[in-house]
Amino acid sequence: GAGVSQSPRYKVAKRGQDVALRCDPISGHVSLFWYQQALGQGPEFLTYFQNEAQLDKSGLPSDRFFAERPEGSVSTLKIQRTQQEDSAVYLCASSLGEFNEKLFFGSGTQLSVL
Amino acid sequence: GESVGLHLPTLSVQEGDNSIINCAYSNSASDYFIWYKQESGKGPQFIIDIRSNMDKRQGQRVTVLLNKTVKHLSLQIAATQPGDSAVYFCAEKVGGGNKLTFGTGTQLKVEL
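We now turn to the structure provided with this report. (Residues numbered from 1 in each chain as written. Chains lettered and ligands numbered in written order. Predicted model: local features only at pLDDT ≥ 70, side-chain atom pairs only at ≥ 80, totals over all residues. Heavy atoms only, no water.)

1. A few points about the overall build of chain A
Move 1: On a plain count of helices and strands, chain A comes out with zero helices and eleven strands.
Move 2: Moving toward the C terminus, one meets the helices and strands of chain A in the order β-β-β-β-β-β-β-β-β-β-β.
Move 3: Over its C-alpha trace chain A gives a radius of gyration of 13 Å, about what one expects of a compact globule, namely 13 Å for 114 residues.
Move 4: Along the first, second and third principal axes, the C-alpha atoms of chain A reach 40 × 25 × 25 Å.
Move 5: The buried share of chain A, reckoned over its 114 residues, is 47%. (Helix = DSSP H or I, 4+ residues; strand = E, 2+ residues; numbered from the N terminus. Rg over C-alpha atoms; globule rule 2.2 N^0.38 Å. Buried < 20%, exposed > 50% of the residue type's maximum accessible area, 1.4 Å probe, protein only.)

Shown next as structure tokens:
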């Protein structure tokens, strides 16, 4: 496809379960971002990759959150031992170059932790 | 008129009128600004961007104005249509930085 693709679209987890969220960026895009969006709020930065290198993970809320992009294309955001406060929409975005300005977003994964 | 809904200020306009959505940004070191539109259940969609060396930029039916003196950004939508109904976010990037920081958002409702 031509856009950023995220899967699953919806994820329901029991508290304490581990989850993995996938992002397929636009082909050839160097930069990849993960954002978290709570209901009624703007997206909040989580982490940033340039190719396979994770250059900024300052937004990850705790060490339960882990992201990877091993081949510089597809990325996975993993949340271990999910908590209710992790319930949110997780958005992935990519941009063509290194200067990280115009981001193209996927539709997100809506995570609900029960 | 304007009202505060669930964490979001709301702007209601009549179809065909012009809309103005405002945004106050926080960091005087920001050198790039961007507006996104987000419809329910979708990711943010790019509308228009502007660099800090400009004070106005026009697109198709949209204009962004930047006032660096008071750290204010606005999005003007001409001849607002029902399809413009969405939440609008402004975002800023600090010069030399690597991420966009988003504002709270404004809900635009277009009344027929």
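Now that the structure has been shown, we can carry on.
2. Here we look at the layout of surface pockets
Move 1: A volume near 590 Å³ is recorded for the largest pocket.
Move 2: Listed by contribution, the elements that provide at least two residues to the lining of the largest pocket are β9 (88-95) and β11 (109-113) of chain A together with β9 (86-94) of chain B.
Move 3: When the residues that make up the lining of the largest pocket are grouped by side-chain class, the tally is eleven nonpolar, 13 polar and three charged.
Move 4: Reported here for the second largest pocket is a volume of approximately 260 Å³. (1 Å grid on protein atoms, 1.4 Å probe; cavity = no way out; pocket = protein on both sides within 12 Å on 5 of 7 lines; lining within 4 Å. Points joined across faces, edges and corners; volume = space filled by probe spheres on them. Nonpolar A, V, L, I, M, F, W, Y, C, P; charged D, E, K, R; others polar.)

3. With respect to the pairing of strand β3 (residues 19-24) of chain B
Residue and element names in this part refer to chain B.
Move 1: Judged by which residues are buried, β3 turns out to be one-sided: Ser19, Ile21 and Cys23 face inward and are buried, whereas Ile20, Asn22 and Ala24, on the alternate face, are not.
Move 2: Two elements, β3 and strand β8 (residues 72-77), share six bridges in a ladder whose sense is antiparallel. Counted as the bridge partner of Ala24 is His72 from β8. (Pairing = 2+ DSSP bridges.)

4. Notes on the sheet that holds β3 of chain B
All names here are of chain B.
Move 1: The sheet built from four strands is open, its strands ordered β3-β8-β7-β6 with antiparallel pairing. Of all strands in the sheet, those with a lone pairing partner are β3 and β6 (56-58), marking the two edges. Strand after strand, the sheet turns through a mean of 15 degrees between neighbouring axes, direction not considered. (Axes fitted to C-alpha atoms, helices over the stretch in contact; angles between N-to-C directions.)

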